[in-house]
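Coordinates in review
Listed below, chain by chain, are the residues.
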Amino acid sequence: MNNITIAIDGFSSTGKSTVAKQLAKHLGYVYVDTGAMYRAVTYYAMRQGLISKLDFNKEALIYQLPNIEIRFKFNETLGFAEVYLNGENIEKKIRTLEVSSYVSKVAAISQVRLKLVEQQQKLGQNKGVVMDGRDIGTVVFPDAELKLFMTASAEKRAKRRYAELLERGDQVEYEDVLKNVQERDYLDSNRKDSPLMKAKDAIEIDNSNLTLDEQFKKLYKLAVMTIEDYE
Ligand code: DC
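Below: a short report on this structure. Note that this is a predicted model, so its numbers are computed, not measured. (Residues numbered from 1 in each chain as written. Predicted model: local features only at pLDDT ≥ 70, side-chain atom pairs only at ≥ 80, totals over all residues. Heavy atoms only, no water.)

**A closer look at the overall build of the protein**
Going by this rule: Counting from the N terminus, the helices are the DSSP runs of H or I reaching at least four residues and the strands are the DSSP runs of E reaching at least two. Only C-alpha atoms enter the radius of gyration, while the globule expectation follows 2.2 Å times N to the 0.38, with N the number of residues. Relative accessibility thresholds used throughout: buried, under 20% of the residue-type maximum; exposed, over 50%; partly exposed, between the two (1.4 Å probe, protein chains only). Should any heavy atoms of two residues lie within 4.5 Å, those residues are considered in contact. Only the protein chains shown count as cover for residues, and all accessible areas are computed by the Shrake-Rupley method using a 1.4 Å probe. Counted as positive: Lys and Arg. Counted as negative: Asp and Glu. His and the chain ends are not counted at all. For the purpose of locating charges, the reference atoms are NZ of Lys, CZ of Arg, CG of Asp and CD of Glu.
Of regular secondary structure, the protein possesses nine helices and eight strands. Scaling as 2.2 N^0.38, a compact globule of 231 residues should have a C-alpha radius of gyration of about 17 Å, and the protein matches this with 17 Å. In terms of overall dimensions, the protein has C-alpha extents of about 50 × 40 × 35 Å along its principal axes. Burial statistics for the protein: of 231 residues in total, 51% are counted as buried. The long-range fraction of contacts in the protein, counting pairs at least 24 apart against all pairs at least 6 apart in sequence, stands at 72%. With an accessible surface of roughly 12000 Å², the protein has 50% of that area assigned to carbon and sulfur atoms. Here the protein holds 34 positive side-chain charges and 34 negative ones, and the gap between their average locations is 2 Å.

Here it is in structure tokens:
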């Protein structure tokens with residue numbers, strides 16, 4: 001079977017990573033969560049005291065970019081690769097509402113994008129990859145054989161993210177989660193560098209009314225059909 005590149009883009013909390021992981025597992029492909037990389041840089045900035053509610057020292061972050069090493073390491077038990085920042089496993093630490101509240105500002109910096117896009121292109125250079133993010137089908141792999149663009153209403157997405165955060169034991173309010181989802185939609189879609197948009201040749205999937213199983217079956221079929229097309 002031929003290896004292809006599957007690019008999954010879309011708004012935050014549309015379940016991109018869930019279906020991307022499922023597809024990678026069933027196809028024997030590598031899964032790359034590019035949002036985790038932007039979150040890792042954000043977490044670094046928070047730790048260094050470069051970003052807070054009142055202030056963001058962009059210049060210092062740009063200057064310190066060479067000190068940031070992001071790696072993925074496959075966790076056999078979890079069945080997916082966890083993200084490491086300078087050797088430390090930060091997979092859980094980057095999923096908080098606090099990181100979510102800063103990440104779009106960090107992701108708007110061109111120097112950050114340049115560094116991460118280069119790494120993403122290397123990770124996917126041999127194909128056989130499912131990569132999810134905001135600019136995978138438009139910037140990282142504009143020639144990807146299969147491009148998916150996921151959407152769902154902001155309320156549906158906020159409900160899903162809220163349930164996830166509660167399950168982790170985080171103390172959050174639904175209204176704050178909804179506000180964060182809406183703010184990130186706006187910032188991610190309106191930034192100058194690589195804004196979130198649907199690639200011309202991407203297939204749009206609105207999963208507001210699809211169960212996870214329905215969604216997986218639909219996308220798996222699309223992936224297998226595309227792989228067969230390229231054989
Ligand atoms: O997919 P996520 O919610 O974990 O992504 C976190 C943020 O990172 C998101 O708000 C926008 C940014 N991002 C990006 O700009 N480009 C990507 N390829 C992936 C994520």
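Having seen it, we continue.
**Details of the sheet that holds strand β8 (residues 203–206)**
Threshold: Pairing between strands is defined by DSSP: at least two bridges between the two strands are required. The axes are straight lines fitted to the C-alpha atoms, using for helices just the contacting stretch, and the angles between their N-to-C directions are given from 0 to 180°.
Spatially, the five strands line up as an open sheet ordered β2-β6-β1-β7-β8, and their pairing is parallel. At either end of the open sheet lies a strand with only one pairing partner, and these are β2 (30–33) and β8. When strand polarity is set aside, the average angle formed by the axes of neighbouring strands in this sheet is 20°. Both β2 and strand β6 (residues 129–133) contribute to a ladder of four bridges, which runs parallel. Note that in β6 the partner of Asp 33 across the bridge is Asp 132. Those strands touched by helix α9 (residues 212–229) are β1 (5–10), β7 (146–151) and β8, and its axis lies near 160° from that of β7.

**As for the site of the ligand**
The condition that has to hold: We call a residue near a molecule or strand as soon as one heavy atom of that residue lies within 4 Å of the molecule or strand. Think of a polar contact as two N or O atoms within 3.5 Å of one another; within protein, one of them needs to be a possible hydrogen donor and the other a possible acceptor, and neighboring residues in sequence only count if both atoms come from side chains. Cavities and pockets are found on a 1 Å grid laid over the protein atoms alone: a cavity is a set of points where a 1.4 Å probe fits but cannot escape, a pocket is an open set with protein on both sides within 12 Å along at least five of seven lines, and a lining residue has an atom within 4 Å of such a point. A cavity or pocket is said to hold a molecule if more than half of that molecule's atoms lie within 2 Å of its grid points.
Close to the ligand lie 15 residues, the nearest being Arg 39, Arg 113, Asp 135, Asp 188 and Arg 191. A distance of 2.8 Å separates a nitrogen atom of the ligand from a polar side-chain atom of Asp 135. When isolated, the ligand has an accessible area of 450 Å², and the protein chains bury 96% of it. Structurally, the ligand is housed in the largest pocket.

**With respect to the packing of aromatic side chains**
Heads up, the condition is: Note on ring pairs: Phe, Tyr and Trp rings are taken, using the six-membered ring of Trp, and paired if centres are within 6.5 Å. Classes follow the plane angle, with under 30 degrees stacked, over 60 edge-to-face and the rest tilted. By the criterion adopted, a ring carries a charge over it if an Arg CZ or a Lys NZ lies within 6 Å of its centre and within 35 degrees of its normal.
A complete count under the given rule lists three aromatic pairs for this structure. On the basis of an interplanar angle of 75° and a centroid distance of 6.1 Å, the ring pair of Phe 11 and Phe 149 is categorised as edge-to-face. One end of the pair, Phe 11, is in the loop between β1 and α1 (16–27); the other, Phe 149, is in strand β7, with 138 residues separating them in the sequence. One Lys or Arg, Lys 73, reaches over the ring of Tyr 84 and ends 4.6 Å from the middle of that ring.

**What to know about the nonpolar core**
Worth spelling out the cut-off: Definition used in this section: a nonpolar core is a set of buried Ala, Val, Leu, Ile, Met, Phe, Trp, Tyr and Cys residues joined via side-chain atoms within 4.5 Å.
Ranked by size, the top nonpolar core spans 38 residues in total, and within it Val 41, Leu 61, Ile 68, Ile 70 and Val 112 carry the most contacts. Residue contacts for Leu 61: discarding those within four places in its chain leaves Val 41, Tyr 44, Ala 45, Leu 50, Phe 56, Ile 68, Val 106, Ile 109 and Val 112. Among the nonpolar cores identified, the runner-up in size contains 20 residues, and Ile 6, Leu 23, Leu 146 and Leu 222 belong to it.

**Considering the layout of surface pockets**
Put simply, the rule is: Grid points are joined across faces, edges and corners, and a volume is the space filled by probe spheres set on the points. Ten residues, namely Ala, Val, Leu, Ile, Met, Phe, Trp, Tyr, Cys and Pro, are considered nonpolar, four, namely Asp, Glu, Lys and Arg, are considered charged, and the remaining ones, Gly among them, are considered polar.
Looking at the largest pocket, its volume works out to about 1200 Å³. If you go around the largest pocket, you meet 46 residues; those closest to its centre are Ser 17, Asp 33, Arg 95, Arg 161 and Glu 164. One number sums up the size of the second largest pocket: a volume of about 380 Å³. If you trace the second largest pocket, you find 14 residues lining it, with Lys 53, Leu 97, Ser 101, Asn 180 and Glu 183 closest to the centre. Sorting the residues of the lining of the second largest pocket by element identifies α4 (97–107) and α8 (174–190) as the ones contributing at least two each. The element contributing the most residues to the lining of the second largest pocket is α4, with seven residues. In terms of residue class, the lining of the second largest pocket is built from three nonpolar, four polar and seven charged.

**Comments concerning unusual backbone geometry**
With a phi angle near 60°, Ser 13 is a residue other than glycine that sits in the positive phi range. Looking at where Ser 13 falls in the secondary structure, it is placed in the loop between β1 and α1. With relative accessibility at 10%, the residue Ser 13 sits in the buried group. Backbone geometry at Ser 194 places phi at a positive 50°, although glycine is not the residue there.

**Things to note about the side chain of Glu 82**
What counts is decided by this rule: A pairing counts as a salt bridge when a side-chain nitrogen of Lys or Arg comes within 4 Å of a carboxyl oxygen of Asp or Glu.
Residue placement: Glu 82 occurs in strand β4 (residues 80–85). Here Glu 82 sits buried without a salt bridge, and the closest side chain of opposite charge, Lys 92, lies 5.7 Å off (N-O distance). Separated by 3.0 Å, the side chains of Glu 82 and Asn 75 make a polar contact. Leaving out residues up to four positions away in the same chain, Glu 82 has contacts with Arg 71, Phe 72, Lys 73, Asn 75, Asn 89 and Glu 91.

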